[in-house]
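Spelled out, the chains give:
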Amino acid sequence: MYAHHSVFTIANEGKDDMFKNSLKDGRSVWLNGRQVDITQDPHFVGTLQTIESLFYMLENDQEQKEIGYFDKEYQCWIHKSFLIPRSKDDLIERRKTFQLWTKETDGMMSRLSDYARSRLTGWYANREFYRQYDQEFPEKISSYFHKARKENRFISVVQRDLQIDRSIKSIGDKEKLGLLSITKKTDEGVFVSGAKMIGTAAPYSHDLIIYPLSTIKEENKSLAHMLIVAADSPGLHMVCREPFSADKEKEEDYPLSSKFDEMDTVLIFDNVFVPWERVLLHENTKAIAEIKVDLISNSLAYHQSIIRLYTKLDFVAAIANEIAETIGAEGFLHVQEKLGELIIQLRTISAMIIAAEQNGKYLNNVYIPEFDYIQTARILGTKYYPRAIEIIQLIGSGGFIQIPSSVNDFDSSIGTLLQKYFHGKNTSALERTKLFKLAWDLIGSPFGSRHELYERFYSGDPILQTADQWKRYDKKHWKEYLASYLNRE
Ligand SMILES: Cc1cc2nc3c(=O)[nH]c(=O)nc-3n(C[C@H](O)[C@H](O)[C@H](O)COP(=O)(O)OP(=O)(O)OC[C@H]3O[C@@H](n4cnc5c(N)ncnc54)[C@H](O)[C@@H]3O)c2cc1C
């Protein structure tokens, strides 16, 4: 029997600091031209607190029952993103956990590990399929899967090659394109150099699952690997974008960016060592091609994505409605129509989730949600979210600018005049200001813009994804409809 050594209990500190201390491992995170300790740097502290509170739910007697399942083998609670659904009920159990977690962050944090864990769980559940490509894959992924769930590890997935020159058809020119490749092999493992994007939440992660998204031909097999890289590996540098996080002290002015900025990074690998047991696939173009489209892994991960999407759209709709009521615009027909549109978005995504779960099927003894409905919801999300943001702009209009610089201004000597002039139809000036600050953080701040970009692209290029719907669609019955009109046999 295994003892329960989560990343929290390994750290020999007070419970409040355990997750934080697990990240004090010498990882190389770069921000504003210097290496930072994310456990101390003010740009990371607010988000770190959010992640800690979510991860500690598994340590809390009441909450652990809602987000976890008790594992008899390990004698501990395991997060349900690691639960292999053996029935529809299991799938619904997973959904409830995702709903709970996403509600804690209003759907604003997408890479809280539950996505990557779902991917990992899918590959693990389907591991025997890969034995035909690599005899050792099932044992290697089992070893990591057990470690990750036992230790409640924070995992991220990073697949994309750098955006250097997308016109190049062959990815043979690995130096020019900065592609991740093996520079040396030893009996113990491999050394890799190159770069990857985008490592969302990488600075908060314990491990990174790395594999290429591009199609790799056999002649370029030296690029076809699946690696699990520890975030503190020497030579691995995480280069952060500009932080969009606001100071924790400014939480009232920036209620979202002060606590939900996940941070995105480019990962630079400068001769990073990866032991053989974490080289899950090595120079294996066929297996990599399968890994990317693994139906179990994709279905479980995208199921999580659309549950998060629903929560986020619900949150956006709540803000839109509140703004309309606050400024007395809810009676206008076009405003009602726009709010109705947001409700249609919600009902559509909700229906897709239900349809995917109810029409799920067994694949290799795993009950997976119906992929086509999930994928449809994901693609709709790339259009729904920007439209929802646009609707907030259209309803609130100049109101987003008619706000004082800070809610603290109400405590200043101009406070009485602000109370007099900044109120809403039926709301106080302070409440109206707080609402519009919240909305601005969502639609106008750098954090908000990043979210719009995220929803457009996180699931891949939406054009390719949509075209793929047509490519994969069974069009036979369309031909049948038309046969008599066209005098075909
Ligand atoms: C905020 C954010 C967070 C992200 N987080 C992660 C993460 O955690 N992990 C991860 O792996 N990825 C992540 N991604 C990356 C995401 O997967 C990619 O952005 C997405 O796949 C699109 O690829 P790209 O950005 O490289 O765009 P590009 O492929 O560079 O596209 C640029 C332009 O060229 C066009 N184009 C490119 N190729 C073609 C082609 N063959 N045919 C026609 N048009 C083409 C595109 O339509 C687009 O207009 C994240 C992205 C964002 C924006």
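Residue numbers run consecutively from 1 along every chain, following the written order of its sequence. Reporting of local features is limited, given that this is a predicted model, to residues whose pLDDT is at least 70; pairs of side-chain atoms are given and counted only at 80 or more, and all residues count toward the totals for whole chains, interfaces and linings. Excluding hydrogens and water, the side-chain figures rest on all heavy atoms present in the structure.

Asks: It is not clear to me how the overall build of the protein chain should be interpreted in this structure. Could you clarify?
Replies: A run of H or I in DSSP counts as a helix once it spans at least four residues, and a run of E counts as a strand once it spans at least two, with each numbered from the N terminus. Summing up its helical and strand segments, the protein chain has 17 helices and 14 strands in all. Across its three principal axes, the protein chain shows a C-alpha extent of roughly 75 × 75 × 50 Å. When accessible area is computed with a 1.4 Å probe and restricted to protein chains, residues below 20% of their type maximum are described as buried, those above 50% as exposed, and intermediate ones as partly exposed. Looking at the protein chain residue by residue over its 489 residues, the buried ones come to 55%. Only heavy atoms matter for contacts: two residues are in contact if any of them lie within 4.5 Å across the pair. The contacts of the protein chain with a sequence gap of at least 6 include a subset with a gap of at least 24, amounting to 73%.

Asks: Explanation requested: the packing of aromatic side chains in the structure shown.
Replies: Aromatic ring pairs are defined here through the distance separating the ring centres and the angle between the ring planes. To pair, rings of Phe, Tyr and Trp, with the six-membered ring standing in for Trp, must have centres within 6.5 Å; the planes then decide the type, stacked if under 30 degrees apart, edge-to-face if over 60, and tilted in the middle. Taken as a whole and judged by the stated rule, the model has 20 aromatic pairs. With a centroid separation of 6.4 Å and an interplanar angle of 50°, the aromatic rings of Phe19 and Phe154 are classed as tilted. Linking Phe19 in helix H2 (residues 18-22) with Phe154 in the loop between helix H7 (137-150) and strand S5 (155-158), this pair joins segments that are 135 residues apart in sequence. Owing to a relative accessible area of 0%, Phe19 belongs among the buried residues under this scheme. A residue is classified by how much of its surface remains accessible, and Phe154, at 0% relative accessible area, is buried. Ring geometry for Phe129 against Tyr133: centres 6.0 Å apart, planes inclined by 65°, an arrangement best described as edge-to-face. For Phe129, a relative accessible area of 31% gives the class partly exposed. Two conditions define a charge located above a ring, namely a distance within 6 Å from the ring centre to NZ of Lys or CZ of Arg, and an angle within 35 degrees of the ring normal. Note that Arg308 overlies the ring of Tyr458, its terminal NZ or CZ placed 5.6 Å from the centroid. Cation over ring: Lys475 sits above Trp470, and NZ or CZ is 4.8 Å from the ring centre.

Asks: Looking at this structure, I do not really get the sheet that holds strand S2 (residues 34-36). What am I missing?
Replies: Remark on secondary structure: sheet strands pair via backbone hydrogen bonds, oriented parallel or antiparallel. Strand pairing is assigned whenever DSSP identifies at least 2 bridges connecting the two strands. Strand order in the open sheet made by the six strands is S2-S1-S10-S11-S7-S6, with mixed pairing throughout. Looking along the sheet, the strands with just one partner apiece sit at the ends: S2 and strand S6 (181-185). Between one strand axis and the next, the sheet turns by 25° as a mean value, whatever way the strands run. As paired strands, strand S1 (residues 28-31) and strand S10 (residues 236-240) are joined by three bridges and run parallel to one another. Counterpart to Trp30 in the pairing with S10 is Val239. Whenever a helix is involved, its axis is fitted only over the stretch in contact; in every case the axis is a line through C-alpha atoms, and angles between N-to-C directions fall within 0 to 180 degrees.

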